[in-house]
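# Per-entry structural report
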Amino acid sequence: MPKPDPHPYERLTPDVIIAAVESLGRDSDRRILALSSYENRVYQVGMEQGAPVIVKFYRPGRWSDASIHEEHGFALELAAAEVPVVPPLVRDGRTLFEYEGFRFALFERRGGRWPELGSATEREWMGRFLGRIHMVGRRQKFRHRERIDIARMGEQSCEFLLANGWIPAHLEDAYDTLTRDLLDAIHESFDSASGVAQLRLHGDCHRGNVLWTDEGPHFVDLDDCVMGPAIQDLWMLLSGNRRDMAEQLSQLLEGYTQFADFDHRELVLVESLRTLRMIHYSAWLARRWADPAFPAAFPWFVEPRYWENQVLSLREQLGAIAEGPLDLR
């Protein structure tokens, strides 16, 4: 296993967190609550005056300043269009700040619950929400953010895992051969959807990243916003067998198409996108293993059983891709 490098958050102590927030001119009551986040570090910080704020410290070396500014700009653009997202707070015309080498942003505290999406009404509501986001997302393109890309998410991820000894020896050949076949199938799927629109997306739209209140769904973070096809923000909300997923997607699109057009050629990408996410997720865990938060939260990642199950799941994905797109008739 690769020798871990010093993790980037070892200097992010409570004193540094408080000092960073107070560097913007407000006094904290020094109460800190760590919120669930692995890629970045996110805290609720109590203030002497007014409600607590949420402070997000960006993982050093992950994003350029330009790409973070595009994330913030997209959130502010959505908020200006009255789309329910939580944009960064603006201080003296700025949204991105720096303290002792850490870049950070502040947000209002917003609550909510994870959505069940168990009814047609909720799915149509979620579809309208995403349709409104994509309506704004089509106005311009990201210049500095990543895009949904087979090379980055699939090919480079496989190469990293194999080259750095993350795949157990008894599974290396099987994993290598299987992922090569999958990437060939994914390329064919993307070729068949050639020409579909690329727009600004949330990028990681699963239920855990959506908060729901009596007023409906909202996002509190656009950290993974990317360029890609609209279906990327829809497929992760689907579950069950193909018939169930087709019904759920039809209901999402019932709401979505009230605000944005949907190109049905994108349906062929659902299982390919799911497969890319599976491969990329494993590589993400491996690349972050030097951060102590990851071994603590994902101890099963280094067990042979994880990789055995991964190979089985990827074999199922090869079959799922071969079945073709969902039938929404």
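If you're wondering where the values come from, they're calculated on a predicted model, not measured in any experiment.

Okay, the packing of aromatic side chains next. For the structure on display, the rule yields 24 aromatic pairs. Seen in terms of ring centroids, W284 and F294 are 5.1 Å apart; in terms of plane orientation they differ by 75 degrees. Their pairing is edge-to-face. Placement of the pair is W284 in helix α7 (residues 270-287) and F294 in helix α8 (residues 293-297), with a sequence separation of 10 residues. The two residues W284 and F294 agree in class, both being buried. Sitting above the plane of the W63 ring, R145 keeps its charged end 3.9 Å from the centroid. Of note, R287 hangs over the ring of F160, and the distance from its end group to the ring centre comes to 4.6 Å.

Summed over the entire model, instances satisfying the criterion amount to 0 disulfides. The structure places no disulfide on C225, whose sulfur is separated from the nearest cysteine sulfur, that of C205, by 13 Å.

Now for the pattern of salt bridges. Opposite charge on two side chains makes pairing possible when the charged atoms of those side chains draw close. In total, this model carries 23 salt bridges according to the counting rule given. Between D29 and R31 there is a salt bridge, with the nearest N and O atoms lying 2.6 Å from each other. A residue is classified by how much of its surface remains accessible, and R31, at 58% relative accessible area, is exposed. A cluster of three or more residues bridged by salt bridges with shared partners is formed by E39, R41, K56, R59, R62, E71, D221, D223, D224, R288 and D291.

Turning our eyes to something else, we now look at the sheet that holds strand β2 (residues 41-47). Here 5 strands make up an open sheet; going across it, the order is β1-β2-β3-β5-β4 and the pairing antiparallel. Where the open sheet ends on each side, the last strands, each with one partner, are β1 (28-35) and β4 (97-99). Ignoring which end each strand starts from, the neighbouring axes of this sheet average 35 degrees apart. Looking at chain direction, β2 and strand β3 (residues 53-57) are connected through 5 bridges and run antiparallel. Bridged to V45 within β3 is V53. Of the strands in this sheet, β1, β2, β3, β4 and β5 (102-108) are in contact with helix α1 (residues 14-22), which crosses β1 at around 115 degrees.

Residues given the UniProt feature "site: ATP" (unreviewed entry) here are S37. Tracing the backbone shows S37 in the loop between β1 and β2.

For the rest of this paragraph, the subject is the side chain of E77. By secondary structure assignment, the location of E77 is in helix α2 (residues 65-80). At 2.8 Å, the side chain of E77 and the side chain of R200 are in polar contact.

We now examine unusual backbone geometry. With a phi angle near 70 degrees, R30 is a residue other than glycine that sits in the positive phi range. Looking at the secondary structure, you find R30 in strand β1. Overall, R30 belongs to the partly exposed group, its relative accessible area being 49%. One non-glycine residue, E82, adopts positive backbone phi at about 65 degrees. Judged by relative accessible area, E82 falls into the exposed class, the value being 65%.

Here we take up a negative patch on the surface. On the surface, a cluster of negative charge is made up of D181, D184, E188 and D191. One can find D184 in helix α5 (residues 172-192). Classification of D184 as partly exposed rests on a relative accessible area of 49%.

The next point concerns the pairing of β2. Taken residue by residue, a regular strand's side chains alternate between the two faces of the sheet. Taking burial as the measure, the 7 residues of β2 include 7 buried ones, the bulk of the element. Taking every second residue as pointing to the same face, both faces of β2 are buried, with R41, Y43, V45 and M47 on one and V42, Q44 and G46 on the other. With 5 bridges connecting them, β1 and β2 associate as antiparallel partners. Paired with A34 across the strands is Y43, a residue of β2. The loop that links β1 with its antiparallel partner β2 comprises 5 residues. Counting the residues in the hairpin turn of β2 and β3 gives 5 residues, including G50, whose phi is positive at 85 degrees.

Take the environment of T275 next. Along the chain, T275 turns up in helix α7. For T275, a relative accessible area of 0% corresponds to the buried category. A C-alpha to C-alpha distance of 8.9 Å links T275 and I321, two positions 46 residues apart in sequence. Those residues in contact with T275 that lie beyond four places of it in its chain are L182, I186, L314, Q317 and I321.

With that settled, consider helix α3 (residues 120-137). The end-to-end C-alpha separation of α3 is 25 Å, in line with the 26 Å expected for 18 residues at 1.5 Å each. Listed as buried for α3 are R123, M126, G127, F129, L130, G131, I133, H134, V136 and G137. The elements touched by buried residues of α3 are α2, β6 (199-201), β7 (211-213), β8 (216-218) and α6 (242-256).

How each quantity is defined
Residues numbered from 1 in each chain as written. Predicted model: local features only at pLDDT ≥ 70, side-chain atom pairs only at ≥ 80, totals over all residues. Heavy atoms only, no water. Phe/Tyr/Trp six-rings, centres within 6.5 Å; stacked < 30°, edge-to-face > 60°. Helix = DSSP H or I, 4+ residues; strand = E, 2+ residues; numbered from the N terminus. Buried < 20%, exposed > 50% of the residue type's maximum accessible area, 1.4 Å probe, protein only. Lys NZ or Arg CZ within 6 Å of the ring centre and 35° of its normal. Disulfide = S-S within 2.5 Å. Salt bridge = Lys/Arg side-chain N within 4 Å of Asp/Glu carboxyl O. Pairing = 2+ DSSP bridges. Axes fitted to C-alpha atoms, helices over the stretch in contact; angles between N-to-C directions. Contact = heavy atoms within 4.5 Å. UniProt positions renumbered as here; feature names shortened; annotations may be inferred. Polar contact = N/O pair within 3.5 Å; in protein donor to acceptor, adjacent residues only side chain to side chain. Patch = residues over 30% accessible without salt bridge, like charges linked within 9 Å, V, L, I, M, F, W, Y side chains within 5 Å. Areas by Shrake-Rupley, 256 points an atom, 1.4 Å probe, with all protein chains shown as cover. Lys, Arg positive; Asp, Glu negative; His and termini not counted. Charge placed at Lys NZ, Arg CZ, Asp CG, Glu CD. Expected span 1.5 Å × (residues − 1).

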